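Examining the three-dimensional arrangement
Chain by chain, the residues run as shown.
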Amino acid sequence: MFYREAGDFNTSYAEDQQTFPIKFDRYRYYVVLFIAIVVVPFTVNDYWVNSIFMPFLIYTIAAIGLNILVGYCGQVSLGTGGFMAVGAYACYKLMTAMPEVSMFIHVLLAGVITAAVGVLFGLPSLRIKGFYLAVATLAAQFFLVWLFNRFPWFYNYSASGQINAPERDTFGIIITGPSTEAWAAYAFCLVFTIFSAYVARNLTRGSVGRKWMAIRDMDIAAEIIGVNPLRAKLTAFAVSSFFIGISGALFFAIYLGAVEVGEAFGIQKSFLVLFMIIIGGLGSIFGSFAGAAFLVLLPVALKVVGVDLLGWPTDIVAHLQLVIVGLLIIVFLIAEPHGIAQLWRVAKDKLRLWPFPH
Amino acid sequence: MKFKLGTMAVAALMAASPAMAELVFPSLSYRTGPYAASGIPFADGYADYFTMLNARDGGIGGVMTTVPECETAYNTEKGVECYESLKGGGGLVYQPLSTGITYQLIPKVTADNIPMLTTGLGRTSAKNGRVFSHVFNFPANYWDGASVAVKHMLDEEGGDLSGKKVTLVYHNSAYGKEPIRTLTELSKKHGFEFNEVPVDHPGQEQKSQWLQIRRDKPDYVIMYGWGVMNQVAIQEAVNIRFPMDKFIGIWWSGSENDVLSAGAGADGYKAVTFHNVGADYPLYDDLKKYVYDEGKAAGAGDQSGTVIYNRGIYGAMLVAEAAKKAQEIHGTANITPSQMRDGMEALEITEEKMTELGLPGFGPEFKVTCENHGGNGFAAMTQWNAETKEWTLISDFVQSDQEVIQSLIEEDSNAYAAENSIEDHCS
């Protein structure tokens, strides 16, 4: 009834090609943005930011990054944790080397450095495909973690091998360190999440994204119609690593504040982000948000229900959590192999016809 | 049905939200994951001590205590979530039992004005109270452990270690890397050759590491391991027939869980400890009367008397005494986290006090001051007897090499102070 094209007349190409062509959809998007930007920062406390919003926003950026590589360009990667570590350590080195520079610039530069590293590890993708590429990126994962553990220069020769985020600001507002206000950390991550989603959405709609998808669907055919596989694959690696690097930098500097590479950026992180995009939906920006939300919020929700509401022993809840999350992943993949994004698409198609489906 | 669910939720809420006048001692426990074997006994001991205080004395200073638990699985992200969620409940002091989580919480607790006790773990240089105002690590720290282990080797070798080879097998994390600097300094001082062998998290596979050790043939192996890593390392050492009395674990690698699986082969394995072993204390009679026999024991209730359970008891005893001290200083029974911090800074543990508490000779005597948050670094050696399945103390409590350690602590804590522009908190 509300959700349909009828009566929505576009009079220019720009209007015709916008991300949300349906009026209802567009307004919903504005409302979400409004709540995220204007309402949430004034109402959140430490708990909500540190336990829910920050991990959600940061994992979303990582999921968007990985989705570009896996979902749009079809190059399977298990190196996400390693690339996040590159972002984190790049950010740390920049923060400690140039304390007076704004955190915005440090995080962006960390993304650029990760992009360069990503391109380097993307080079083998020109020769190897599918599972073999997955194994090659797995090597990147282990190599990078080893590298940051092995050479003390990366952690400024600290006794414990940990990196700690010192207090830094942007525009005079403290962003890292313990005295950060909850809203500031939230707003900082939100800016990067919106920026990433906006850039990724528009890249994937344009010629660059179409080249990635051509490579994903059939690389030989893509080459015949004039897509340069070298450039397409390497740009995918670069853009993907850029976002993953940003998320790694935020994960270390804003969210955790102290990081140990093997524990924070191990192989399980690569799998976690991969699960996010598989559950959320490959090749969908909304899917990245949905997948991150699913895997970040569900454990917290189960904990709140099990421990705080029902008063069960913590270990039983922790074990149940594993069982329930695992079970839901299987159910999801059987019922809807294309992820939450596909459910959303189906729901929208149904809504268009509602209440008269025939 | 709806009604039932509603009443259940209300009842659960009432049970979960503590009444106002209670002293909250949050427990960031880990009863799951690869470190559960080490995490369960500590969490049980910690909870049982407070259960006993409630039943026997009616809490601390007439106020009941409560120990809300939060499962971290030794994972730093979950640790942050737990800290934030327990902070709302008014936790007086945190004992994370994880060096990774400790590093994360050091700046947070300082900003939130809540004390943290990391007995025998965490950031060693937190001993310097001038820099780390809210972090305490009495009575001993990682560097003390390494130094006492070296002292024991000196005793065994007749006071001379020159030309000997010492290998450190360590958990490749902030925790395991802690003693490297101390051991490097000590190797220079005593002239032994020092090698490092890292084991990556979680440490279930150590074949290559022990192959390397077999090739190197070190005279002594020191281990800084935790959780499943300990069991695997001891089993591997048995497999390559490494002499067990030359294999020394830190206090986190010296519990029953670590040696039992290796059976008779583990006989003679040694570990450093900062508290006594066994269940032969008057306190255990009270625990039995008020906790075990009442069916109030935490967890499965099968950890009583084990090394890490004792450590949980010890950790709980220290913060309970600090809370009493804080009540005394501030003249109020309902103390705040900030008052609790003052209590911890004024804590003094003497032999009379421990005897009074039913734990005679259980741990070293020490006095916390504003400058010294870490005690005096006394530790002893224990040895495993595979036949009787018991740990026994084989040395007196000896002090670590303060000369070496104190200068390292000054260096590391001053670097932290400079990095984070922290001012001297004591002057």
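Residues numbered from 1 in each chain as written. Chains lettered and ligands numbered in written order. Predicted model: local features only at pLDDT ≥ 70, side-chain atom pairs only at ≥ 80, totals over all residues.

1. Remarks on the overall build of chain B
Threshold: Numbering of helices and strands runs from the N terminus, with a helix taken as a DSSP run of H or I at least four residues long and a strand as a DSSP run of E at least two residues long. As defined in this context, the radius of gyration uses C-alpha atoms, and a globule is described by 2.2 Å times the residue total to the power 0.38. Exposed residues have 12 or fewer other C-beta atoms within 10 Å of their own C-beta, buried residues have 20 or more, and partly exposed residues fall in between, where C-beta atoms are placed from the backbone. Two residues form a contact once the distance between their C-beta atoms, set from the backbone, is within 7 Å.
If you tally the helices and strands in chain B, you get 14 helices and 16 strands. For chain B, the C-alpha radius of gyration of 21 Å lies close to 22 Å, the compact-globule estimate for 427 residues. Across its three principal axes, chain B shows a C-alpha extent of roughly 70 × 55 × 40 Å. Within chain B, the fraction of its 427 residues that count as buried is 57%. For chain B, restricting intrachain contacts to residue pairs at least 6 apart in sequence, the fraction spanning at least 24 positions comes to 71%.

2. Here's the deal with the overall build of chain A
Scanning chain A from terminus to terminus reveals 15 helices and four strands. A compact globule built from 358 residues would reach a C-alpha radius of gyration of about 21 Å, and chain A, at 21 Å, matches this within 12%. Along the first, second and third principal axes, the C-alpha atoms of chain A reach 70 × 55 × 45 Å. Out of the 358 residues in chain A, the part that is buried amounts to 45%.

3. As for the pairing of strand S14 (residues 378-385) of chain B
Residue and element names in this part refer to chain B. For the record, the criterion: Note on pairing: DSSP must find at least two bridges between two strands before they are called paired.
Pairing of strand S11 (residues 270-273) with S14 involves four bridges; the strand directions are antiparallel. Looking at S14, one finds that Ala271 is bridged to Thr382. Inspection of the sheet shows S14 paired to strand S16 (residues 398-399) by two bridges, in the antiparallel sense. Paired with Ala379 across the strands is Val398, a residue of S16. As defined by bridge partners, S14 adjoins strand S15 (residues 390-393) across four bridges and the pair is classed as antiparallel. Its bridge partner lying in S15, Gln383 is registered against Thr392. Once S14 ends, the chain turns through four residues before running back antiparallel as S15, passing Lys389 with a positive phi of about 55 degrees.

4. A few points about unusual backbone geometry
All names here are of chain B. Phe138 connects to Pro139 through a cis peptide bond whose omega is 0 degrees. Mapping Pro139 onto the fold places it in the loop between strand S6 (135-136) and helix H5 (142-156). Each neighbour pair has its own omega, and for His201 with Pro202 the value is -5 degrees, a cis peptide bond. Mapped onto the elements, Pro202 comes out in the loop between strand S8 (193-199) and helix H7 (207-216). The phi torsion at Leu97 lies on the positive side, around 55 degrees, for a residue other than glycine.

5. With respect to the interface of chain A and chain B
Contact residues are listed per partner, giving 32 residues for chain A and 36 residues for chain B. Counting only elements with at least two residues in the side of chain A that touches chain B, the list comes to helix H3 (46-72), helix H11 (261-264), helix H13 (285-309) and helix H14 (314-335) of chain A. Residue contributions to the side of chain A that touches chain B peak at five residues, all from H14(A).

6. Brief notes about H3(A)
All names here are of chain A. Quick reminder of the rule: Values of bend correspond, residue by residue, to the angle between axes fitted over the seven residues ending at that residue and the seven starting there.
The largest bend in H3 amounts to roughly 35 degrees and is located at Phe53, with the proline Pro55 lying one to four residues further along. Among the 27 residues in H3, 22 count as buried, and that is most of the element. Looking at the residues trailing H3, positive phi occurs at Gly74, about 75 degrees.

7. Concerning the domain arrangement of chain B
Note: interface size is frequently given as the accessible area lost on complex formation between the parts. All names here are of chain B. Here is the rule: The split of the chain into domains comes from an automatic or database domain assignment. Three classes are used, and their members are as follows: Ala, Val, Leu, Ile, Met, Phe, Trp, Tyr, Cys and Pro are nonpolar, Asp, Glu, Lys and Arg are charged, and the others, Gly among them, are polar.
For chain B, the domain assignment lists domain 1 (7-140 + 277-375) and domain 2 (142-273). Put simply, the middle of domain 1 and the middle of domain 2, counted by C-alpha atoms, are 29 Å apart. In this assembly, 14 residues from domain 1 lie in contact with 19 residues from domain 2. Listing elements by their share of the side of domain 1 that touches domain 2, those giving two or more residues are helix H2 (36-57), helix H4 (99-112) and helix H11 (307-330). No other element matches the three residues that H4 contributes to the side of domain 1 that touches domain 2. Tallied by class, residues from the side of domain 1 that touches domain 2 come to eight nonpolar, six polar and no charged.

8. Here we look at the packing of H3(A) against H13(A)
When two helices pack together, their arrangement is given by the angle between the helix axes and the distance between those axes. Residue and element names in this part refer to chain A. Put simply, the rule is: Fitted lines through C-alpha atoms serve as axes, helices being fitted only where they are in contact, and the angles separating the N-to-C directions of these axes extend from 0 to 180 degrees. Each angle gets one of four labels, with under 35 degrees taken as roughly parallel, over 145 as roughly antiparallel, 65 to 115 as roughly perpendicular, and the rest as oblique. The handedness criterion is simple: a crossing whose near helix is rotated anticlockwise from the far helix by less than a right angle is left-handed, and one whose near helix is rotated clockwise is right-handed.
Contact geometry for H3 and H13: axes closest at 8 Å, N-to-C directions at 140 degrees. It follows from the interaxial angle that H3 and H13 lie oblique. The element H3 and its partner H13 pack so that their crossing is right-handed. Counting all contacts with H3, which are made through Ser51, Ile52, Pro55, Phe56, Tyr59, Thr60, Ala63, Ile64 and Asn67, the residues of H13 involved are Ile285, Gly287, Ser288, Phe289, Gly291, Ala292, Ala293, Val296, Leu297 and Val300.

9. Topic: the confidence of the model for chain B
All names here are of chain B. Selection rule: Residue-level confidence of the predictor is what pLDDT reports, using numbers from 0 through 100.
Averaged over every residue, the pLDDT of chain B is 88; residues scoring 70 or more account for 95%. Per-residue pLDDT stays below 50 along residues 1-19; that stretch engages in twelve contacts with residues further than four places along the chain or on separate chains. In the predicted complex, the global pTM is 0.88; the interface-specific ipTM is 0.84.

10. A look at the environment of A:Thr193
All names here are of chain A. For Thr193, the position within the fold is in helix H7 (residues 182-205). Residues Thr193 and Thr60 lie 133 residues apart in sequence; the distance between their C-alpha atoms is 7.1 Å. What Thr193 contacts, discounting residues up to four positions off in sequence, is Leu57, Thr60 and Ile61.

11. What to know about H11(B)
To keep things clear, this is the line we draw: The length a helix should cover is 1.5 Å for every residue beyond the first.
The end-to-end C-alpha distance of H11(B), which contains 24 residues, comes to 35 Å, matching closely the 34 Å that a straight helix rising 1.5 Å per residue would cover. Of the residues one or two after H11(B), B:Gly331 is the one with positive phi, at around 65 degrees.

12. Focus on the nonpolar core
Defined as follows: What makes a nonpolar core is a set of buried Ala, Val, Leu, Ile, Met, Phe, Trp, Tyr and Cys residues, with links drawn between C-beta atoms within 7 Å.
By size, the foremost hydrophobic cluster in this structure holds 225 residues, and its most contacted members are A:Ala88, A:Cys91, A:Leu250 and A:Phe252. Each of two domains, domain 1 (7-140 + 277-375) and domain 2 (142-273) of chain B, supplies a minimum of three residues to this core. Residues within four places of A:Leu250 in sequence aside, it is in contact with A:Ile58, A:Val107, A:Cys189, A:Phe192 and A:Tyr255.

13. Section: the packing of helix H4 (residues 80-97) of chain A against helix H10 (residues 229-256) of chain A
Residues and elements named next belong to chain A. Between H4 and H10, whose axes approach to 7 Å, the crossing angle comes to 60 degrees. By the angle between their directions, the pair H4 and H10 is classed as oblique. Two packed elements cross with a definite hand, and for H4 against H10 that hand is right-handed. Facing Thr80, Phe83, Met84, Ala85, Val86, Gly87, Ala88, Ala90, Cys91, Tyr92 and Met95 of H4, the residues of H10 in contact are Ser241, Ile244, Gly245, Ile246, Ser247, Gly248, Ala249, Phe251, Phe252 and Ala253. A breakdown of the residues in the contact of H4 with H10 according to their chemical character gives 15 nonpolar, six polar and no charged.

14. Details of the environment of B:Gln235
Residue and element names in this part refer to chain B. Note on placement: Gln235 falls in helix H8 (residues 228-239). A residue is classified by how many C-beta atoms lie within 10 Å of it, and Gln235, with 18 of them, is partly exposed. Separated by 23 residues in sequence, Gln235 and Asp258 have C-alpha atoms that sit 9.2 Å apart. Excluding residues that lie within four positions of it along the chain, Gln235 makes contacts with Ser261 and Ala262.

15. Some details on the environment of B:Gln406
With respect to the helices and strands, B:Gln406 occurs in helix H14 (residues 402-419). For B:Gln406 and B:Trp143, which are 263 residues apart along the polypeptide, the C-alpha to C-alpha distance reads 9.7 Å.

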